[in-house]
Amino acid sequence: MIKRTDYLTRTYGKPEGWSLRAYEANEANEANEGGLGGYQVARRVLTGMTREQVVDEAKKANIRGRGGAGFPMGVKWSFMPKTVGAKPHYLVVNADEGEPGTHKDRTLMELNPHACVEGCIIACYGIGAHIAYIYVRDELHLSKARLEAAILEARAKGYLGDTPFGKDWPIEVHVHSGAGAYICGEETSMLNSIEGRRGEPRMKPPFPANAGVFGCPTTVNNLETIAAVPTAFGMGAEAFSKLSILHGIGDGGVRLYGVNGHVKKGVVVELAVGPTLNELIYDIGGGVQGDRGVLCVIPGGSSTPVLRPEETVNAPDERLPLHPWHGKSVFDVPLGVDTMRGVGTMLGTCCVTVIAQGTDPVWCMQNLMQFYRHESCGQCTPCREGSAWLERTTSKVLDGKASIGELHDLHDIANGIMGNTICAFGEGTAMPALAFIQKFRAEFEQYVRGERKRADATLTVEPWS
Amino acid sequence: MPFALSPERERKLQEILERYPTKMAATLPLLHLCQEQAGFVGDDVVEYVAHRLDLSPAHVKGVVTFYTLYNQEPVGKHQVWVCRTLPCALRGAYQVIEHCEKRLGIHCGETTPDGKVTLRTAECLASCGTAPMMQVDRDYHENLTREGVDQILNRLLES
């Protein structure tokens, strides 16, 4: 069952909703029951809680990382050293939104930047940091301007600076601009990029909590994760977690869901965690363009394997968390970090790309492989060569020049990337490739046999006009 | 004349340097400042950045070649980036690209002969819900229609 909320989005669409005045106004409405006016939460936390209490509260909120991997935020905070030693602690906020199909963080920065800044204040205090860097991709000039304006406003009010809210714990927030590399959204690569290096991922361990940016203990959180913190602390972490349909399996709260692709209405909305794909497509997205059926869906950014509506949940054992949906379509399973893992894909960033029937799946894969080929940082051979090879071979299939043997090659190349690279970009390339090849085997073979032609293939439902 | 920052950008650089514990961390922001001024990052800019931040030119060049948004060659007065990645492609990005190429009389990656517009494709610009889209200099143009694209291109060509 879908439940709309309006905590992070309460400033969306308001006149100058990005300003401090709009953020501080406590405009309660039905969907943000209990929501507090801006910066009251940060004040309460800094003046009334200890660091340990902040981390405990963060754990209870069950905020799963919003960047794609879904790691519990509070647990990540608890990895930071308990006392600040000779090396200062840092908070790095990941706003390098660039995963194809993901368009949620940009709305936060443009329409509710103060929630991001307030989240940074609470998080800095909780992890023992004095400085937060918000890493924003360079293309998002409006986002950067809104964030910078919000930081200035907060500083002028004394919410940032040497003694925020009178507390002897200096906090500064800086915006750091990327320069057009998707890989910098990978956390260790982001650290290198902030340090002024090529954005190549680092080997782990050491993990950022031990040796992150400038060699110091660092927490890297997604921007939406951080922006959710004031809401969670404001209503009490447990109450926040219980808003979610999946609270029982440790996936709490509310989050931003996006719908794009072949839907009638591409949007970003805030919902209690746990809507189904069908609800997102039809209730939020207004249905499929041309009232067609759904060919497949990419559930959370291009790196998450596609799902087809014909797929059903196979969980006959009553002890399995997905058992209640046994035999049902995967499109009727609540979207959560663990539920999506259970059906063989990933929740990712919660922004759903809908692909209508009549679209050419081979072309879809070729389009995505072109992306990965372009964005591979080139550090690890399997990824650098593999992503290009996948793209070349898929293009060859599209051109009707590939043999059946080359379809096997696609499997081999993808499997050769998996697990053989420093960072998860390798898996992010191989997993969607394997899913497309396996789930659309028939279409790939039709190209090989000459029964399908590139000239007849299409990606659009409605012609662009 | 060797490259040097304008006084206003010089002040910005001083602000930037205060944000980080190392000088090297200012590499990306300083390169952005230089590109704003010079239009592209040539070898003179690489030398300048290296000198200002006590780095080797090789390090700076390595950074420049890694990131897509540093132009290593001169570009047009206006930058047009059309997103080509799947969510935009599902809503007509390929047709947008074709239309732009036809209207400007150039291929993606090229600059119009009068030096006004450089047309390029971009990988996902985080505007999937409002596809198709293009970025023109610093601004996003979303939910593009044929008429809208024509207006944008006309304005650029007349500028």
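Residues numbered from 1 in each chain as written. Chains lettered and ligands numbered in written order. Predicted model: local features only at pLDDT ≥ 70, side-chain atom pairs only at ≥ 80, totals over all residues. Heavy atoms only, no water.

1. Some words on the overall build of chain A
Cut-off, in case you're wondering: The numbering of helices and of strands both runs from the N terminus, where a helix is a DSSP run of H or I of at least 4 residues and a strand a run of E of at least 2. The globule rule used for comparison is 2.2 Å times the number of residues to the exponent 0.38, while the radius of gyration itself is calculated over C-alpha atoms. For each residue, the accessible area found with a 1.4 Å probe, counting protein chains only, is set against the maximum for its type, and the residue is called buried under 20%, exposed over 50%, and partly exposed in between. We call two residues contacting when some pair of their heavy atoms lies within 4.5 Å. Accessible areas in this description were obtained via Shrake-Rupley with a 1.4 Å probe; residue shielding takes into account the shown protein chains only. Positive charges come from Lys and Arg, negative ones from Asp and Glu, while His and the chain ends are left out of the count. Charged side chains are reduced to one point each, which is NZ for Lys, CZ for Arg, CG for Asp and CD for Glu.
The number of helices and strands found in chain A is 17 helices and eight strands. Computed over its C-alpha atoms, the radius of gyration of chain A comes to 22 Å, within 12% of the 23 Å expected for a compact globule of 465 residues. The principal-axis extent of the C-alpha atoms belonging to chain A is close to 75 × 50 × 45 Å. By the burial criterion, 62% of the 465 residues in chain A qualify as buried. Sequence separation of at least 24 residues holds for 70% of the intrachain contacts in chain A that already meet a minimum separation of 6. Put simply, chain A shows about 16,400 Å² of open surface, and 52% of that area lies on carbon and sulfur atoms. Looking at chain A, you have 47 positive and 53 negative side-chain charges, and the mean spots of the two groups are 2 Å apart.

2. Quick notes on the pairing of strand 5 (residues 254-261) of chain A
If a strand is regular, its side chains alternate between the two faces of the sheet. Residues and elements named next belong to chain A. Using the following cut-off: When DSSP finds at least two bridges between two strands, those strands are taken to pair.
Burial within strand 5 is extensive, with eight of its eight residues counted as buried. As paired strands, strand 5 and strand 6 (residues 267-272) are joined by six bridges and run antiparallel to one another. Paired with Val259 across the two strands is Val267, which belongs to strand 6. In sequence, strand 5 turns back onto strand 6 through a hairpin of five residues. In this sheet, strand 8 (residues 351-356) lies alongside strand 5 in parallel orientation, the contact comprising four bridges. What sits directly across from Gly258, in strand 8, is Cys351.

3. Remarks on the sheet that holds strand 1 (residues 89-95) of chain A
All names here are of chain A. Our working rule: Axes here mean lines fitted to C-alpha atoms, for a helix over just the part in contact, with angles spanning 0 to 180 degrees between N-to-C directions.
Here we have four strands laid out as an open sheet, ordered 3-2-1-4, and parallel in their pairing. At either margin of the open sheet sits one strand with a lone partner, and together these are strand 3 (172-177) and strand 4 (218-222). Strand-to-strand twist across the sheet, computed as the mean angle between neighbouring axes with direction ignored, equals 20 degrees. Pairing of strand 1 with strand 4 involves five bridges; the strand directions are parallel.

4. Overview of the interface of chain B and chain A
Frequently, the measure chosen for interface size is the accessible area that the parts lose on association. Our working definition: Note: buried area is the sum, over both parts, of the accessible area (probe 1.4 Å) each one loses when the two are combined. The term salt bridge refers to a pairing of a side-chain nitrogen on Lys or Arg with a carboxyl oxygen on Asp or Glu at a separation within 4 Å. Within 3.5 Å is the distance limit for a polar contact, defined as a pair of N or O atoms, with the added protein rule that one can donate a hydrogen and the other accept it, and that residues adjacent in sequence qualify only through two side-chain atoms.
Counting residues at the interface gives 48 residues for chain B and 62 residues for chain A. Summed over both partners, the interface of chain B with chain A buries about 4,300 Å², with 59% contributed by carbon and sulfur atoms. In terms of surface lost to chain A, no three residues of chain B exceed Phe66, Leu86 and Leu90 of chain B, which account for 17% of the buried area on that side. Viewed at the interface, chain A and chain B are joined by one salt bridge. A salt bridge links Arg106 of chain A to Glu142 of chain B; its shortest N-O distance comes to 3.0 Å. Taken together, the connections running from chain B to chain A amount to 30 residue pairs in polar contact (both at pLDDT 80 or more). Contributing elements (two or more residues each) for the side of chain B that touches chain A: helix 2 (27-38), helix 4 (57-66), helix 5 (86-89), helix 6 (93-104) and helix 7 (146-158) of chain B.

5. Considerations on the packing of aromatic side chains
Here the distance between the centres and the angle between the planes together describe a pair of aromatic rings. All names here are of chain A. Going by this rule: Two rings from Phe, Tyr or Trp (for Trp, the six-membered ring) form a pair when their centres sit within 6.5 Å of each other. Planes less than 30 degrees apart are called stacked, planes more than 60 degrees apart edge-to-face, and all others tilted.
Taken as a whole and judged by the stated rule, the model has 18 aromatic pairs over all chains. Measuring from centroid to centroid gives 5.8 Å for Tyr182 and Phe425, while their planes differ by 65 degrees, and the two rings are edge-to-face. Of this pair, Tyr182 sits in the loop between strand 3 and helix 8 (187-194) while Phe425 sits in helix 16 (residues 425-439), and the two are 243 residues apart along the sequence. Among the residues examined, Tyr182 registers a relative accessible area of 17% and is labelled buried.

6. A word on helix 3 (residues 51-60) of chain A
Since there are 3.6 residues in each turn of an α-helix, residues three or four apart along the chain are aligned in direction. Residue and element names in this part refer to chain A. We count it as follows: In this description, the arc belongs to the directions extending from the helix axis to the C-beta atoms.
By the burial criterion, the buried members of helix 3 are Arg51, Val54, Val55, Glu57 and Ala58. Take helix 3 and look down its axis: the buried residues cluster within an arc of 160 degrees, on one side only. Of the surrounding secondary structure, the elements contacted by the buried residues of helix 3 are helix 2 (40-48), helix 4 (73-78), strand 1, helix 6 (113-127), helix 9 (223-235) and helix 10 (237-242).

7. Here's the deal with the nonpolar core
What counts is decided by this rule: Residue types Ala, Val, Leu, Ile, Met, Phe, Trp, Tyr and Cys, when buried and joined through side-chain atoms within 4.5 Å, form a set referred to as a nonpolar core.
Of all hydrophobic cores here, the largest spans 83 residues; its most connected members are Ile194, Phe214 and Phe444 of chain A together with Val49 and Tyr67 of chain B. For this core, the element with the most residues is helix 13 (residues 361-375) of chain A, which contributes eight residues. Every residue in contact with Tyr67 of chain B, bar those within four places of it in the chain, is listed here: Tyr135, Ala179, Ala181, Cys184, Ser193, Arg197, Arg198 and Gly199 of chain A together with Leu28 of chain B. By size, the runner-up hydrophobic cluster in this structure holds 73 residues, among which are Leu8, Ala150, Val173 and Val254 of chain A.

8. Here's the deal with the sheet that holds strand 7 (residues 294-298) of chain A
One key point about sheets: their strands pair by backbone hydrogen bonds, in either a parallel or an antiparallel sense. Residues and elements named next belong to chain A. Strand order in the open sheet made by the four strands is 6-5-8-7, with mixed pairing throughout. At either margin of the open sheet sits one strand with a lone partner, and together these are strand 6 and strand 7. On average, adjacent strands in this sheet sit at an angle of 25 degrees to one another, irrespective of strand direction. Where strand 7 and strand 8 come together, four bridges link them in antiparallel fashion. Across the sheet, residue Ile298 finds its bridge partner in strand 8, namely Thr353.

9. Quick look at the state of the cysteines
Put simply, the rule reads: Throughout, a disulfide means two cysteine sulfur atoms within 2.5 Å of one another.
Summed over the entire model, instances satisfying the criterion amount to zero disulfides over all chains. Here Cys383 of chain A is not cross-linked by a disulfide; its sulfur's nearest cysteine counterpart is in Cys380 of chain A, at 6.6 Å. Using a relative accessible area of 7% as the deciding quantity, one classes Cys383 of chain A as buried. Here Cys128 of chain B stays unpaired: no disulfide links it, and the sulfur of Cys124 of chain B, its closest cysteine neighbor, is 3.8 Å away.

10. So, the environment of Arg292 of chain A
Residues and elements named next belong to chain A. Here Arg292 lies in the loop between helix 11 (277-284) and strand 7. Sequence separation between Arg292 and Asn221 is 71 residues; the distance between their C-alpha atoms is 38 Å. Setting aside residues no more than four positions away along its own chain, Arg292 makes contact with Ala356, Gln357, Gly358 and Val461. Reaching out from Arg292, the side chain makes a polar contact with the backbone oxygen of Gln357 at a distance of 2.7 Å.

11. Focus on the pattern of salt bridges
All names here are of chain A. Per the stated rule, a full pass over the model turns up 35 salt bridges over all chains. The salt bridge involving Lys76 is made with Glu187; its shortest N-O contact spans 3.9 Å. Here Glu187 lies in helix 8 and Lys76 lies in helix 4, a separation of 111 residues in the sequence. Exposure remark for Lys76: the relative accessible area of 22% places this residue in the partly exposed category. In this structure Glu187 comes out as buried when scored by relative accessible area, which is 18%. Put simply, Lys439 and Glu311 hold a salt bridge, and the shortest N to O gap is 3.1 Å. With Lys439 in helix 16 and Glu311 in the loop between strand 7 and helix 12 (337-342), this residue pair connects regions lying 128 residues apart in the sequence. Bridged by salt links that share partners, the residues Arg66, Lys104, Asp105 and Glu224 form one connected network.

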